[in-house]
Amino acid sequence: MTGKRILREKKTAEKMTAIYCKANHKIDSGLCSECKNLLNYVQKRLEHCFFGEHKPVCGKCPIHCYQKEMREKITTVMRYAGPRMIYKHPVLAIDHIIRSLKKVPVLKKR
Ligand SMILES: [Zn+2]
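The structure contained in this document is the topic of the report that follows. (Residues numbered from 1 in each chain as written. Predicted model: local features only at pLDDT ≥ 70, side-chain atom pairs only at ≥ 80, totals over all residues. Heavy atoms only, no water.)

Notes on the environment of Cys49
Inspection of the secondary structure puts Cys49 in the loop between α2 (33-47) and α3 (68-88). Sequence separation between Cys49 and Cys35 is 14 residues, and the spatial gap between their C-alpha atoms is 21 Å. Leave out the neighbours within four places in its chain, and Cys49 touches Ile6 and Lys55. (Helix = DSSP H or I, 4+ residues; strand = E, 2+ residues; numbered from the N terminus. Contact = heavy atoms within 4.5 Å.)

In structure tokens, the structure reads:
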């Protein structure tokens, strides 16, 4: 089952990709195929997140679960859409900022 935290992160990823795609890829509606791919990938990673409901923000996570190429793409999207999220989706944006200030869970070695 997908928890609240993960659902919210998926929604944030969706909004951010939409902001980025609309401004940079000039698609009439929805996402271009490249951004659709990226979003699918990100949402899959979220569903399989090692920390689940206790996940830190991805940028601070000790586990790097993204492929290099996808990581670079999403970083570009986040950098562009991040500041714009404050105006378009303040609740999601502020939630993310607050959580990025929280302590990152420590990975226990087994
Ligand atoms: Zn796009």
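A look at the packing of aromatic side chains
Overall, the coordinates contain three aromatic pairs when judged by the stated rule. With 5.8 Å between their ring centres and 75° between their planes, Tyr20 and Tyr80 make a pair best called edge-to-face. Pair noted here: Tyr20 is in helix α1 (residues 4-24) and Tyr80 is in helix α3, with a separation of 60 residues, a long-range link. A residue is classified by how much of its surface remains accessible, and Tyr80, at 24% relative accessible area, is partly exposed. A ring pair is formed by Tyr41 and Tyr66, whose centres lie 5.8 Å apart and whose planes are at 85°; its orientation type is edge-to-face. Of this pair, Tyr41 sits in helix α2 while Tyr66 sits in the loop between α2 and α3, placing them 25 residues apart in sequence. The pair Tyr41 / Tyr66 is uniform in exposure class, with both members buried. For Arg84, the ring lying beneath its charged end belongs to Tyr80, and the centroid distance is 3.8 Å. (Phe/Tyr/Trp six-rings, centres within 6.5 Å; stacked < 30°, edge-to-face > 60°. Buried < 20%, exposed > 50% of the residue type's maximum accessible area, 1.4 Å probe, protein only. Lys NZ or Arg CZ within 6 Å of the ring centre and 35° of its normal.)

Some details on α3
One full turn of an α-helix is made of 3.6 residues, so residues set three or four places apart face in the same direction. With 21 residues, α3 should reach 30 Å at 1.5 Å per residue; the first-to-last C-alpha distance of 29 Å fits that figure. Along its length, α3 reaches its greatest deviation from straightness, about 40°, at Gly82, and the proline Pro83 lies no more than four positions downstream. Among all positions in α3, only Met70, Ile74, Val77, Ala81 and Met85 are buried. Elements that come into contact with the buried residues of α3 comprise α1, α2 and α4 (90-101). (Expected span 1.5 Å × (residues − 1). Bend = angle between axes of the 7 residues up to and from the residue.)

Bear in mind that shape data such as this cannot, by itself, settle questions of function.
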